[in-house]
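Observations on the three-dimensional arrangement
This is what each chain is made of:
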Amino acid sequence: MKFLKNIKHAGLLAVTACIILSACNKAPLAPVPLGQAAQSSAPTIAKLLDDPEFSFLKAAATRAGLLPMLSAPNLRFTVFAPNDNAFMLSGIPSTAVIGVLPVATLNGLLSYHIIPQTIPSSSIPTTFPNFEYPTILNPTGVPGTPGYNALARLTTFPSRRGAAAWVNNIPVTAVDIAASNGVVHKVAALVAPPATKYLWDTISTSADLTYLKAAIQRADSGLAVGSRLQTALSSFGTNLTILAPTDAAVKGFLTFSITQALTPLITQQLIPVITAQLIAGGASQSIAATQAPILAAQQAPAIALQQATALSASPTVFSNPLLFAALPAQTVRGLLVYHILGTTIPGIRVWSVNLPTTGTLQKTLLNQVFKDHPGVTLQGTFTGPFVTAATVKGFKNPTASNFIAPFDINLLNGIMHKIDQVLVPQ
């Protein structure tokens, strides 16, 4: 339990403050009318949807009330367009189903496929991490309703590697279909907007993340609201990627770590007891003094494991005062920020399709304090355009942790990937 003893408290507070402040630095774009419609022989985006392969999309756009906007010659859009096969792959088998879906649902779904600027494939970034593009989907409702914020937009994350391209984790199957008012890129499936939950909402209600929830609460104990990890995980626009160890992963880690922490303490406690037993059994003082430490060292690990297993049987282990010396809040906090990916910016959103195909180091938010720490090693295994396996290895983990399917749990303020080990930084 000594691997993060040297983390400075003030530095970790700054990490959370930096995350939260980053949420205020968004500059969402809205479709801006041009002074004069550009002359073009290409059809409008709305006209392109007359293609028979877009019959589902046209029906959906018509029902959602978006077709007039996509016909406007003085606006510019990029549409990631699912064809009929993409709709069917996503569970919508016919236009008849589209006809009974709520208009608000269709409007929100399609709005997430539309970016209010022209982005040709050559402008889709190949860098890691992704650059986010605001869509026209406003998660705060409609103008005039309580809580509406005209600047709020949900963002998508187009990316490219070689000849392959994606938007979020959905493959792009054809690019650069020119329109007079923008460009269309075909996609293999519907691009689902984030679930209407924050990272903290999902962590705090997931049956297999109860230890992670307890660890976050322990890390935040005694801190002002603005400095808490829970605040960052509950804030719109923080844009985080969290590698979330499951209960089984944390429980195993705690059992091992607490066993290590308790073994030397129990060894020292056993030595006088065993010494007295040896002398009572007829051993000399010198023999007892020699044998007792050896016997204590042999017996202590099993006793420590038994106690550690009992302590780790519940997530309440994080609030057990008996362990505060071995498991201080500062240590827990340092361990947790090592599970949030980041670079020189406070947070990033890393989809499984963005993972490198060979093991590559990536910084975490721990690097906001320890600048030279190597970070974690990420790797994805692809079958065609899809990731079929992914791993992440902590600097001191003997083996890599596996991502647990389904990957890419997309939420309002970031992405969660569940993993089967706790990542150890040092």
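Now for a description of the structure that goes with this document. Keep in mind the model is a prediction, meaning the values are calculated, not measured.

Let us now look at the overall build of the protein. Each helix and strand counted, the protein has 13 helices and 16 strands in total. Counting across all 426 residues of the protein, residues that qualify as buried make up 49%. Counting only carbon and sulfur atoms, one obtains 63% of the accessible surface of the protein, whose full area is about 18700 Å².

Moving on, we get to the pairing of strand β6 (residues 164–167). Looking at chain direction, strand β5 (residues 158–161) and β6 are connected through four bridges and run antiparallel. Bridge assignment links Arg-161 to a residue of β6, and that residue is Ala-164. Between the antiparallel neighbours β5 and β6 lie two residues, among them Gly-162 with a positive phi of about 60°. Where β6 lies against strand β7 (residues 170–179), two bridges are found, and the strand directions are antiparallel.

Let us look at the side chain of Arg-349. Among the secondary structure elements, Arg-349 is positioned in the loop between β10 (340–341) and β11 (360–362). Buried and unpaired, Arg-349 has no salt bridge, with Glu-132 as the nearest side chain of opposite charge at 6.2 Å. Looking at Arg-349, its side chain comes within polar contact range of the side chain of Asn-239, at 2.8 Å. A polar atom in the side chain of Arg-349 sits 3.1 Å from the backbone oxygen of Leu-411. With near-sequence residues (within four places) excluded, Arg-349 lies in contact with Asn-130, Phe-157, Asn-239, Thr-241, Asn-354, Asn-410, Leu-411, Leu-412, Asn-413, Gly-414 and Ile-415.

Here four strands make up an open sheet; going across it, the order is β10-β9-β16-β15 and the pairing mixed. Taken across any chain shown, the strands that pair with only one partner, and hence form the sheet edges, are β10 and β15 (409–411). Relative to β10, strand β9 (residues 240–245) is paired through two bridges, and the arrangement is antiparallel. Bridge pairing in β10 places Ile-242 opposite Ile-340.

Counted according to the given criterion, the structure contains five salt bridges. A salt bridge links Lys-58 to Asp-50, with the nearest nitrogen and oxygen atoms 2.5 Å apart. Lys-418 is paired through a salt bridge with Asp-208; the nearest N and O atoms lie 3.0 Å apart. Linking Lys-418 in strand β16 (residues 414–419) with Asp-208 in the loop between α8 (199–205) and α9 (210–220), this pair joins segments that are 210 residues apart in sequence. Accessibility expressed as a relative area gives 16% for Lys-418, which makes it buried. Bridged by salt links that share partners, the residues Lys-47, Asp-50 and Lys-58 form one connected network.

Turning our eyes to something else, we now look at the packing of helix α3 (residues 55–64) against helix α7 (residues 103–111). Here α3 crosses α7 at 120°, and the two axes come no closer than 8 Å. With respect to their mutual orientation, α3 and α7 come out oblique. Crossing of α3 against α7: the hand is left-handed. Touching Leu-57, Ala-60, Ala-61, Arg-63 and Ala-64 of α3 are Val-103, Leu-106, Asn-107 and Leu-110, all from α7. Of the residues belonging to the contact of α3 with α7, the class tally is seven nonpolar, one polar and one charged.

For the rest of this paragraph, the subject is the packing of aromatic side chains. Scanning all chains against the criterion turns up five aromatic pairs. Between Trp-166 and Phe-382 the ring centres are 6.2 Å apart and the planes differ by 50°, which places this aromatic pair in the tilted class. Of the two residues, Trp-166 is situated in strand β6 and Phe-382 in strand β12 (residues 376–383); the sequence distance between them amounts to 216 residues. Judged by centre distance (6.2 Å) and plane angle (85°), the rings of Phe-403 and Phe-407 are edge-to-face. When its relative accessible area of 8% is taken as the criterion, Phe-403 is described as buried. According to the relative accessible area criterion, Phe-407 is buried, its value standing at 18%.

Calculation notes
Residues numbered from 1 in each chain as written. Predicted model: local features only at pLDDT ≥ 70, side-chain atom pairs only at ≥ 80, totals over all residues. Heavy atoms only, no water. Helix = DSSP H or I, 4+ residues; strand = E, 2+ residues; numbered from the N terminus. Buried < 20%, exposed > 50% of the residue type's maximum accessible area, 1.4 Å probe, protein only. Areas by Shrake-Rupley, 256 points an atom, 1.4 Å probe, with all protein chains shown as cover. Pairing = 2+ DSSP bridges. Lys, Arg positive; Asp, Glu negative; His and termini not counted. Salt bridge = Lys/Arg side-chain N within 4 Å of Asp/Glu carboxyl O. Polar contact = N/O pair within 3.5 Å; in protein donor to acceptor, adjacent residues only side chain to side chain. Contact = heavy atoms within 4.5 Å. Axes fitted to C-alpha atoms, helices over the stretch in contact; angles between N-to-C directions. Parallel < 35°, antiparallel > 145°, perpendicular 65-115°, else oblique. Left-handed = near helix turned anticlockwise from the far one by under 90°. Nonpolar A, V, L, I, M, F, W, Y, C, P; charged D, E, K, R; others polar. Phe/Tyr/Trp six-rings, centres within 6.5 Å; stacked < 30°, edge-to-face > 60°.

All quantities given are derived from atomic positions and should not be read as evidence of function.
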